[in-house]
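Structural features, examined
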Amino acid sequence: MNPSTYNITLLPGDGIGPEVVAEAVKVLSRVSELYDFGLLFETALIGGAAVDDLANPYPPQTHEACKRADAVLLGAVGGPKYDTLPKALRPETGLLSMRKALDVFANLRPVAVDGVQAARSPLRPEKVAGTDLLVVRELVGGIYFGTPSYRNDVEGVSTMRYTKPEIERIARIAFATARDRRNKVTSVDKANVLAVSQLWREVVQEVRDAEFEDVQLEHMYVDNAAMQLILNPRQFDVILTGNLFGDILSDASAVLPGSLGMLPSASIGESSSLFEPIHGSAPDIAGKGIANPAAAILSGAMMLDYLGQKEAAAAIRNAVANTLLDGFVTSDLASDVVLALTTSAFGDEVIKRLVADVE
Ligand code: NAD
Ligand code: IPM
Ligand code: MN
């Protein structure tokens, strides 16, 4: 019998991107042996690395490599070296162009905090233990892409626009996902002020009433949501929101497990899928070998789930949880910096705990 083989395009990117992607690849390669499937990796340039070599943060050959892949795994892009470049050459522009070109409109950012991780949160452990939420962030619309968008010396303009079909398709993802979880969606907007949010709220409610009557829907203003996320995170199941609010709320939610280095994501479209940690290139720690690779490794697990290798995905999640349970952490989570593991030592500990047939 021929085992399945998947073509994965790797986009390590900038800063800590290559450091954490290397650990994800190590773990994925090992789990593919244990679970008897194949992974064929191809590496392509994005962000600053692509600007350096090809003067384009999302070169056509990278787009082709993404389109022919079964899934794309990305590290991070950006860094101070590129911050003064014109917009078209900025690493972030490359990332946004890729998301748009692949039309990966649904960005899923899960946040689950067990008792072990709760104890490492700067918040009170009894408040955050048991958090299990999913931010469903619209990824290819909203103020990131709305026109007009320009600046001159005296005026800067960005436009937050959503159309009804854009809201409907992301709402359907949120409601359908909630059915596999605890059946509750909190839609986050700023409908008390913004016209775009008023349409958002109406359309989300319509989709729920027409197609998902069994799912509970509540609406919350984004300012309150930012506070509720820290105050009482267990109230949330699925948080449905637009591009900008989702970006901000998901970084804020990283305080719950104690580090941005813990949170993975999946970005799904009709024909492409992209997996990336929610964090950036972390220029303050890049090159030191101390970044937390858990977010990248867990993004690899989300990728395997998407590819249908659910047991292998569960094995990775278990191995990461057991590594953390056994007290092995990188410096972002260590109470005593002397005991902190390097990026690659953390990856090695995860690999030691990978076993076949967890479930
Ligand atoms: P950042 O996410 O890179 O870092 C924020 C803070 O979190 C830093 O103190 C960093 O050291 C820490 N951190 C992040 N990931 C970590 C990890 N895995 N382990 C340990 N600590 C970690 O955000 P920033 O500093 O605002 O942005 C830096 C650059 O990254 C910018 O150029 C930005 O545009 C870019 N960025 C890219 C992405 C992406 O590629 N998806 C996401 C966010 C930011
Ligand atoms: C993220 C990042 C990106 C975003 C930036 C780098 C364009 O912050 O993936 O969360 O804002 O979407
Ligand atoms: Mn972000």
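Scroll up a little and you will see the structure.
Across its full length, the protein chain holds 13 helices and twelve strands. For the protein chain, whose C-alpha radius of gyration is 20 Å, the value lies close to the compact-globule estimate of 21 Å for 359 residues. When the backbone C-alpha atoms are referred to their principal axes, the protein chain occupies close to 50 × 50 × 50 Å. Put simply, the protein chain has 359 residues, and 52% of those count as buried.

The next thing to look at is helix H13 (residues 343-352). Buried residues of H13: Thr343, Phe346, Gly347, Glu349 and Val350, and no others. Angular distribution of buried residues about the axis of H13 spans 160 degrees; they occupy a single face of the element. Next to the buried residues of H13 lie helix H1 (17-34), helix H11 (294-307) and helix H12 (310-325).

Across six bridges, strand S8 (residues 184-189) lies against strand S9 (residues 216-221) in parallel orientation. What sits directly across from Lys184, in S9, is Gln216. With respect to chirality, the unit in which S8 leads through helix H8 (residues 195-211) into the neighbouring parallel S9 is right-handed.

Attention shifts here to the packing of aromatic side chains. Throughout the structure, instances matching the rule amount to four aromatic pairs. Ring geometry for Tyr6 versus Phe37: centroids 5.9 Å apart, planes at 70 degrees, classification edge-to-face. Highlighted residues: Tyr6 in strand S1 (residues 5-13) and Phe37 in the loop between H1 and strand S2 (38-43), separated in sequence by 31 residues. An identical accessibility class is assigned to Tyr6 and Phe37; each is buried. Summarising the aromatic geometry, the rings of Phe175 and Phe212 are spaced 5.2 Å apart at their centres and angled 25 degrees between planes, so their arrangement reads as stacked. Within this pair, whereas Phe175 is found in helix H7 (residues 164-179), its partner Phe212 is found in the loop between H8 and S9, the two being separated by 37 residues in sequence. Accessibility classification places Phe175 together with Phe212 in one group, the buried group. Its end group placed over the ring of Phe145, Lys100 keeps NZ or CZ at 4.7 Å from the ring centre.

Turning to the pattern of salt bridges, a few remarks are in order. The full count for this structure, using the stated rule, is 26 salt bridges. Between Glu276 and Arg99 there is a salt bridge, with its nearest N and O atoms 3.2 Å apart. Taken as a pair, Glu276 in the loop between strand S12 (273-275) and H11 and Arg99 in helix H4 (residues 91-102) lie far apart in primary sequence, 177 residues in all. Given the relative accessible area of 6%, Arg99 is considered buried. Linking Glu206 and Lys164 is a salt bridge whose minimum nitrogen-to-oxygen distance equals 3.2 Å. Taken together, the residues span a long stretch of sequence, with Glu206 in helix H8 and Lys164 in helix H7 at a distance of 42 residues. With a relative accessible area of 38%, Lys164 lands in the partly exposed category. Connected through salt bridges with shared partners, the residues Asp132, Arg181, Arg182 and Asp237 form a single ionic network.

So, about the environment of Leu89. Position of Leu89 among the secondary structure elements: in the loop between strand S3 (71-76) and H4. A C-alpha to C-alpha distance of 20 Å links Leu89 and Asp153, two positions 64 residues apart in sequence. With sequence-adjacent residues up to four places away left out, Leu89 is seen in contact with Val51, Ala55 and Pro57.

Calculation notes
- Residues numbered from 1 in each chain as written.
- Chains lettered and ligands numbered in written order.
- Predicted model: local features only at pLDDT ≥ 70, side-chain atom pairs only at ≥ 80, totals over all residues.
- Heavy atoms only, no water.
- Helix = DSSP H or I, 4+ residues; strand = E, 2+ residues; numbered from the N terminus.
- Rg over C-alpha atoms; globule rule 2.2 N^0.38 Å.
- Buried < 20%, exposed > 50% of the residue type's maximum accessible area, 1.4 Å probe, protein only.
- Arc of directions from axis to C-beta.
- Contact = heavy atoms within 4.5 Å.
- Pairing = 2+ DSSP bridges.
- Right-handed = clockwise from strand over helix to strand, strands pointing away.
- Phe/Tyr/Trp six-rings, centres within 6.5 Å; stacked < 30°, edge-to-face > 60°.
- Lys NZ or Arg CZ within 6 Å of the ring centre and 35° of its normal.
- Salt bridge = Lys/Arg side-chain N within 4 Å of Asp/Glu carboxyl O.

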